[in-house]
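Here is how the chains run, residue by residue.
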Amino acid sequence: SQELEQSPQSLIVQEGKNLTINCTSSKTLYGLYWYKQKYGEGLIFLMMLQKGGEEKSHEKITAKLDEKKQQSSLHITASQPSHAGIYLCGADSPYGGSQGNLIFGKGTKLSVKP
Amino acid sequence: EAGVAQSPRYKIIEKRQSVAFWCNPISGHATLYWYQQILGQGPKLLIQFQNNGVVDDSQLPKDRFSAERLKGVDSTLKIQPAKLEDSAVYLCASSLVPGNYGYTFGSGTRLTVV
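About the thresholds
Residues numbered from 1 in each chain as written. Chains lettered and ligands numbered in written order. Predicted model: local features only at pLDDT ≥ 70, side-chain atom pairs only at ≥ 80, totals over all residues. Heavy atoms only, no water. Helix = DSSP H or I, 4+ residues; strand = E, 2+ residues; numbered from the N terminus. Rg over C-alpha atoms; globule rule 2.2 N^0.38 Å. Buried < 20%, exposed > 50% of the residue type's maximum accessible area, 1.4 Å probe, protein only. Contact = heavy atoms within 4.5 Å. Areas by Shrake-Rupley, 256 points an atom, 1.4 Å probe, with all protein chains shown as cover. Lys, Arg positive; Asp, Glu negative; His and termini not counted. Charge placed at Lys NZ, Arg CZ, Asp CG, Glu CD. Salt bridge = Lys/Arg side-chain N within 4 Å of Asp/Glu carboxyl O. Polar contact = N/O pair within 3.5 Å; in protein donor to acceptor, adjacent residues only side chain to side chain. Nonpolar A, V, L, I, M, F, W, Y, C, P; charged D, E, K, R; others polar. Pairing = 2+ DSSP bridges. Axes fitted to C-alpha atoms, helices over the stretch in contact; angles between N-to-C directions.

Trainee: I'd love a proper account of the overall build of chain B, names of residues and values included.
Mentor: If you tally the helices and strands in chain B, you get 0 helices and 11 strands. Counting helices and strands in the order they occur from the N terminus, chain B gives β-β-β-β-β-β-β-β-β-β-β. Against the 2.2 N^0.38 benchmark of 13 Å for 114 residues, chain B shows a C-alpha radius of gyration of 13 Å, consistent with a compact globule. Taken along the three principal axes of its C-alpha coordinates, chain B extends 35 × 25 × 25 Å. Per-residue burial for chain B yields a buried fraction of 44% across its 114 residues. Expressed as a percentage of contacts within chain B between residues at least 6 apart in sequence, the contacts between residues at least 24 apart total 54%. Total accessible area on chain B stands at roughly 5,500 Å², and carbon and sulfur atoms take up 49% of it. Separation between the mean location of the 12 positive side-chain charges and that of the 9 negative ones in chain B comes to 5 Å.

Below, the structure written as structure tokens:
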């Protein structure tokens, strides 16, 4: 079965600093999603990447997909306290019992110090 | 467009008691998912419905968990009897078409079993 590994597990940065979170898949990525979650709450959709080399940006958050490396990275520029939370990567799971559901990494907990 | 509605937001029960969670997906979304997220981990799929039929319930602990989506719209997830290890956030999500861009998650139900 496919697995997603996120690194780092947690991150503390000073406000204004840049940071990168990585998500590596054990198998070919067919669709990679990034979500943000506040502790104990629902998932907020950030971006979805489908093609190798694809890069998307939303405000100060940029995500890239490296298909050959089976990896995606999420980069935050000039971090703010509002960026704090748990970042989860998810991938479409074509393997296993059925298609059309997401498997997730364990998440990266981001804290931003004012 | 209204989002995915879940209730209750929080629930505290004693072990061996029963509990039920409710989810109303986005109107017109045929696919509905229930995920379990234990603290510090990524969400794990429990069950996937396509209209009122089960597509994947391979990871649902069927001795204590049950779920239904009788009219192909809203859904109920039940745990009976609950164990301490069931403490988690239960997330409901829906999508128009399985495996397609557009998974929308609800705010989740945080369950604490004491």
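From this point, the narrative continues.
Trainee: Let's hear about the interface of chain B and chain A: which residues, and what values?
Mentor: In this assembly, 24 residues from chain B lie in contact with 21 residues from chain A. The tally of links from chain B across to chain A stands at 0 salt bridges. There are 5 residue pairs in polar contact (both at pLDDT 80 or more) connecting chain B and chain A. For the side of chain B that touches chain A, the secondary-structure elements that each account for two or more residues are β4 (31-37), β5 (44-50), β6 (53-56) and β9 (88-95) of chain B. Considering only residue class, the side of chain B that touches chain A consists of 12 nonpolar, 9 polar and 3 charged.

Trainee: Which residues make up the sheet that holds strand β3 (residues 19-25) of chain A, and what values go with them?
Mentor: All names here are of chain A. The 5 strands lie next to each other as β1-β3-β8-β7-β6, forming an open sheet whose pairing is antiparallel. Across the chains shown, the open sheet's two edge strands, defined by having one partner strand only, are β1 (4-7) and β6 (55-58). With direction set aside, neighbouring strand axes in the sheet form an average angle of 15°. Bridge analysis of β1 against β3 gives 4 bridges, and the strand direction is antiparallel. Within β3, the position partnered with Gln-6 by the bridge is Cys-23.

Trainee: Break down the side chain of Ser-73 of chain A for me, citing the residues and quoting the values.
Mentor: Residues and elements named next belong to chain A. Take Ser-73: it is sitting in strand β8 (residues 71-76). Taking relative accessible area as the criterion, Ser-73 reaches 19% and is therefore assigned buried. Beyond its immediate stretch of four places on either side in the chain, Ser-73 contacts Thr-20, Ile-21, Asn-22, Trp-34, Thr-62, Ala-63 and Lys-64.

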